[in-house]
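Chain by chain, the residues:
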Amino acid sequence: MDIKEVKKRIVDKCKDISDEKCTMRIFDDSIQCLLLGDCSIIHYIGSPHIFEQLFLIVRNRIYYERQLAEDRLLKVRVLDYWLDDYDIIESFKY
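Quick notes on the rules
- Every residue gets a number counted from 1 within its own chain, in the order that chain's sequence is written.
- Where totals are concerned, whole chains, interfaces and linings use all residues; where local detail is concerned, this predicted model gives features only for residues with pLDDT of at least 70, and gives and counts side-chain atom pairs only at 80 or more.
- Side-chain descriptors were evaluated using all non-hydrogen atoms of the structure, hydrogens and water having been removed beforehand.
- Salt bridges are identified by distance alone: a Lys or Arg side-chain nitrogen within 4 Å of an Asp or Glu carboxyl oxygen.
- Note on exposure labels: buried denotes an accessible area under 20% of the residue type's maximum, exposed denotes more than 50%, and partly exposed covers the range between, all computed with a 1.4 Å probe on protein chains only.
- Any pair of Phe, Tyr and Trp rings, taking the six-membered ring for Trp, is counted once the centres come within 6.5 Å. Such a pair is stacked with planes under 30 degrees apart, edge-to-face with planes over 60 apart, and tilted for the rest.
- Put simply, DSSP marks the helices as runs of H or I at least four residues long and the strands as runs of E at least two long, and each gets a number from the N terminus on.
- Remark: a charge is flagged as sitting over a ring if the NZ atom of Lys or the CZ atom of Arg is within 6 Å of the ring centre and within 35 degrees of the ring normal.
- Within the patch definition used here, like charges are joined within 9 Å and nonpolar side chains (Val, Leu, Ile, Met, Phe, Trp, Tyr) within 5 Å, considering only residues with over 30% relative accessible area and no salt bridge.
- All accessibility values rest on the Shrake-Rupley procedure with a 1.4 Å probe; residue burial counts only the protein chains present in the view.
- Under this rule, positive means Lys or Arg and negative means Asp or Glu; His and the chain ends count for nothing.
- Charge placement uses NZ in Lys and CZ in Arg. For Asp and Glu, CG and CD serve respectively.
- Polar contact is the term for a pair of N or O atoms within 3.5 Å; when the atoms are in protein, one must be able to donate a hydrogen and the other to accept it, and sequence-neighboring residues count only if both atoms are side-chain atoms.
- Put simply, buried Ala, Val, Leu, Ile, Met, Phe, Trp, Tyr and Cys residues joined by side-chain atoms within 4.5 Å make one nonpolar core.
- Any two residues whose heavy atoms approach within 4.5 Å are treated as being in contact.

**Some details on the pattern of salt bridges**
Under the criterion given, the structure shown has 7 salt bridges. Between Lys15 and Asp12 there is a salt bridge, and its shortest N-O distance comes to 3.6 Å. Classification of Lys15 as exposed rests on a relative accessible area of 58%. For Asp12, a relative accessible area of 37% puts it in the partly exposed group. Bridged by salt links that share partners, the residues Arg25, Asp29, Arg61 and Glu65 form one connected network.

So this is what it looks like as structure tokens:
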């Protein structure tokens with residue numbers, strides 16, 4: 001199994017949690033980080049163990065980025081409510 005097949009299989013396995021574009025971006029980042037640590041890993045990319053580890057890395061990063069996005073959205077909503085309340089309070093002062 002070459003790198004293209006590995007990408008396709010990981011994208012297929014992650015379809016339920018992420019779109020293809022996001023999965024490909026995270027996969028490319030993960031491969032780059034793995035290659036920085038050990039360039040010989042590219043020779044073993046088709047092995048089941050490396051594939052499963054790479055899949056777990058990609059899946060966990062997708063979940064992490066999703067959690068970050070939800071946290072940011074919550075902060076924006078809280079700030080929006082706070083600003084609305086502040087505007088109401090300021091309108092009562094005058």
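Structure shown, so let's carry the discussion forward.
**Things to note about the packing of aromatic side chains**
Two aromatic rings, taken as a pair, are described by how far apart their centres are and by the angle between their planes. By the definition in use, this model includes 1 aromatic pair. A ring pair is formed by Trp82 and Tyr86, whose centres lie 5.6 Å apart and whose planes are at 15°; its orientation type is stacked. Of this pair, Trp82 and Tyr86 both sit in helix 3 (residues 48-93), 4 residues apart, roughly one helical turn. We classify Trp82 as exposed; its relative accessible area is 52%. Sitting above the plane of the Phe55 ring, Lys13 keeps its charged end 4.2 Å from the centroid.

**So, a negative patch on the surface**
On the surface, Asp80, Asp84, Asp85 and Asp87 cluster together to form a negatively charged patch. Here Asp80 lies in helix 3. The partly exposed category is assigned to Asp80, whose relative accessible area is 40%.

**Regarding the side chain of Thr23**
Of note, Thr23 is situated in helix 2 (residues 20-37). A polar contact is formed between the side chain of Thr23 and the backbone oxygen of Asp19, at a distance of 2.9 Å.

**Remarks on the nonpolar core**
Counting 16 residues, the largest nonpolar core has Val6, Ile10, Cys14, Phe27, Leu54 and Val58 as the members making the most contacts within it. Of all the secondary-structure elements, those providing two or more residues to this core are helix 1 (3-13), helix 2 and helix 3. Among the elements that line this core, the one with the most residues is helix 3, at 6 residues. Excluding residues that lie within four positions of it along the chain, Leu54 makes contacts with Val6, Ile10, Phe27, Ser30, Ile31, Leu34 and Ile45.

**With respect to the side chain of Ser30**
Tracing the backbone through its elements, the reader meets Ser30 in helix 2. Discounting residues that sit within four places of it in the chain, Ser30 has contacts with Leu54, Ile57, Val58 and Arg61.

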